[in-house]
Amino acid sequence: MSVTLQTDAFDPGALLSAFCRGRQETGGICSFTGLARAEAGQTRLLTLEAYPGFTDAAIAAMALEAAGRFGLQDWRIVHRVGPISPGEAIVFVATAAAHRRAAFEACDHLMDWLKSRAPFWKQEQGLDGNRWIEPTARDLADAARWDEAAG
Amino acid sequence: MSVTLQTDAFDPGALLSAFCRGRQETGGICSFTGLARAEAGQTRLLTLEAYPGFTDAAIAAMALEAAGRFGLQDWRIVHRVGPISPGEAIVFVATAAAHRRAAFEACDHLMDWLKSRAPFWKQEQGLDGNRWIEPTARDLADAARWDEAAG
Amino acid sequence: MARVLLFGRLADLAGWRERQVEAESLVALRADLSKADPDLGEALRGPSVQVALDKVLVRGDRTLTPDSEVAFLPPMSGG
Amino acid sequence: MARVLLFGRLADLAGWRERQVEAESLVALRADLSKADPDLGEALRGPSVQVALDKVLVRGDRTLTPDSEVAFLPPMSGG
């Protein structure tokens, strides 16, 4: 149960191997890896800014809430900050539960929240200059799916 | 896009590392790893029987159908056969898509099908002897969620 | 002559998993298996048992050739 | 004296990301920042800008101590 924000690239598989190890009562582990897309030649550099101590605390609080709600046995979140090249992993989320439905739903839910509400500031450097990005309508709609379910 | 049935144990992380490599246009990769549970001390050995050439063909046909339905860029399925000890991985499914919703849904769907309808015969060796297992009501209900969606 | 495969509880019941059997059709094969082992014959007639000929599910009768492979599949448990 | 942090487009607008500012309250701090850079002052008043004091979101005024950390947070983009 931990959050890591890091500027170095990471290997999602190494994180999954570590997360799977020594589990006797876990039935299912779901992982999601978000990658930076190249967007068909329009090469972009993505830069993520975080507020250390605030961003990781917000993510941990959210993950603990989700762990209780979905009955998770364990979770792990790693998020890149700083410049990220196309093809590189931006985020890794893994969830462990006794049954697979809980692992899938919690991972999906955590990703929706991370993509739309986590305290990051994202900048795309494209051919037409730099711009700060806000969550897409799709991201907000995805995240809102869980608000009703919580009611 | 391949299915492997194997008697040897595997490392889910190594499979995920290989699956993530060199992706320029993939936005999200979802993976699910199913593990054999120890069931609190009631140590069991699980044995899975497959029909080589039939089981793998059925899984590949199902995965290709799902790839079309969800717009997957790629998928990978590895399934153990033979005796499996508690804590060991039984199944690994990974899906790659441009956007995360498709990756999650396809992986979830493939797992539901694999757990309930894939041509395996599963035997549990428990303290009270061996028994052949059929899909649980939960497995069948999970798989049936997708029948309506396809209509 | 066909190669016959049994899976899961059918193999446990019969005490074998693979056998060469002389038969010119699926109907003749079922009759031969039933004659040699009535309990197995009964089990193979169960509505939940499927038959694959050369790795493709089939229903009803089929002609068998010397290199046919016939598999009797009890209800699949999923993985 | 408080440590002031700006994030995202606010830092681009101001041309700095971190600065020590003399101020005894959040209201006084905003006034000082606005006086030195009216455009920044205007941006900080936007309804979508949140304020964190010592890494906790706050609303309204607060007393600042010499080791206070004040962060101005534009809309978060998600990861």
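Further up the page is the structure itself.
Basis of the calculations
Residues numbered from 1 in each chain as written. Chains lettered and ligands numbered in written order. Predicted model: local features only at pLDDT ≥ 70, side-chain atom pairs only at ≥ 80, totals over all residues. Heavy atoms only, no water. Helix = DSSP H or I, 4+ residues; strand = E, 2+ residues; numbered from the N terminus. Rg over C-alpha atoms; globule rule 2.2 N^0.38 Å. Buried < 20%, exposed > 50% of the residue type's maximum accessible area, 1.4 Å probe, protein only. Contact = heavy atoms within 4.5 Å. Areas by Shrake-Rupley, 256 points an atom, 1.4 Å probe, with all protein chains shown as cover. Lys, Arg positive; Asp, Glu negative; His and termini not counted. Charge placed at Lys NZ, Arg CZ, Asp CG, Glu CD. Axes fitted to C-alpha atoms, helices over the stretch in contact; angles between N-to-C directions. Parallel < 35°, antiparallel > 145°, perpendicular 65-115°, else oblique. Left-handed = near helix turned anticlockwise from the far one by under 90°. Nonpolar A, V, L, I, M, F, W, Y, C, P; charged D, E, K, R; others polar. Buried area = accessible area lost by both parts, 1.4 Å probe. Salt bridge = Lys/Arg side-chain N within 4 Å of Asp/Glu carboxyl O. Polar contact = N/O pair within 3.5 Å; in protein donor to acceptor, adjacent residues only side chain to side chain. Phe/Tyr/Trp six-rings, centres within 6.5 Å; stacked < 30°, edge-to-face > 60°. Least-squares fit on C-alpha atoms with pLDDT ≥ 70 in both.

Engineer: Where do I start with the overall build of chain A in this structure?
Structural biologist: Within chain A one finds 4 helices and 8 strands. Mapped in sequence order, the helices and strands of chain A form the string β-α-β-β-α-β-β-β-α-β-β-α. Scaling as 2.2 N^0.38, a compact globule of 151 residues should have a C-alpha radius of gyration of about 15 Å, and chain A matches this with 16 Å. Once the C-alpha set of chain A is aligned to its principal axes, its extents read approximately 50 × 35 × 30 Å. Per-residue burial over chain A gives 55% buried out of 151 residues. A separation threshold of at least 6 residues defines the contact pool for chain A, and within that pool the share at least 24 residues apart is 77%. Accessible surface for chain A amounts to roughly 6000 Å². Of this, 53% is attributable to carbon and sulfur atoms. For chain A, the separation between the mean place of its 15 positive charges and that of its 19 negative charges on side chains is 4 Å.

Engineer: Sorry, what's going on with the packing of helix α2 (residues 55-70) of chain A against helix α3 (residues 100-117) of chain A here?
Structural biologist: Residues and elements named next belong to chain A. Close contact between α2 and α3 brings their axes to 10 Å; oriented N to C, the two are set at 155°. Put simply, α2 runs roughly antiparallel to α3. Seen along the crossing, α2 lies across α3 with a hand that is right-handed. Contacts between α2 and α3 involve A58, I59, M62, A63, E65, A66, R69 and F70 from the former and A102, E105, A106, H109, L110, W113 and L114 from the latter. Per-class residue counts for the contact of α2 with α3 are 11 nonpolar, 1 polar and 3 charged.

Engineer: I keep staring at the interface of chain A and chain D and nothing clicks. Help me out?
Structural biologist: Size of an interface, as often reported, equals the accessible area lost when the parts are brought together. With 22 residues of chain A in contact, the opposing surface of chain D contributes 19 residues. Together, Y51(A), F54(A) and W121(A) form the three largest contributors to the area buried by chain A at its contact with chain D, with a combined 41%. Close ionic contact of E49(A) with R17(D) constitutes a salt bridge, the shortest N to O distance being 2.3 Å. Linking chain A to chain D there are 13 residue pairs in polar contact (both at pLDDT 80 or more). Mapped onto the side of chain A that touches chain D, the elements with two or more residues apiece are β3 (45-50), α3, β7 (120-126) and β8 (129-133) of chain A. Looking at the side of chain A that touches chain D, its residues break down into 13 nonpolar, 4 polar and 5 charged.

Engineer: Can you help me understand the packing of aromatic side chains in this one?
Structural biologist: How two aromatic rings sit relative to each other is given by the distance of their centres and the angle of their planes. Taken as a whole, this structure holds 8 aromatic pairs over all chains when the rule is applied. For the ring pair F32(A) and F104(B), a centre distance of 5.0 Å and an interplane angle of 15° mean the geometry is stacked. On the criterion of chain membership, the pair formed by F32(A) in strand β2 (residues 28-35) and F104(B) in helix α3 (residues 100-117) is interchain, its members lying in two chains. When sorted by exposure, F32(A) lands in the same class as F104(B), which is buried. Where Y51(A) meets F7(D), the ring centres are 4.8 Å apart and the plane angle is 40°; that geometry is what we call tilted. Taken together, the residues Y51(A) in the loop between β3 and α2 and F7(D) in the loop between β1 (2-6) and α1 (8-14) connect one chain to another.

Engineer: Any chance you could explain the relation of the copies chain A and chain B here in plain terms?
Structural biologist: Mapping one chain copy onto the other needs a rotation about an axis and a shift along that axis. Laying chain A over chain B is done by rotating through 180° and shifting 0.0 Å along the axis; what remains is an RMSD of 0.0 Å. Such a combination of rotation and displacement between the chain copies is what one expects of a two-fold axis. Across chain A, the smallest distance between a C-alpha and the rotation axis is recorded for G13(A), namely 1.9 Å. Interface residue correspondence from chain A to chain B reaches 100%, placing this contact among same-surface, isologous pairings.

Engineer: What is the right way to read the arrangement of the chains from this model?
Structural biologist: Counting contacts across all 3 pairs of chains that touch, the top pair turns out to be chains A and B. Considering only C-alpha positions, the minimal separation of the non-contacting chain B and chain D is 13 Å. One finds no contact linking chain C with chain D; the least C-alpha distance across the pair is 35 Å.

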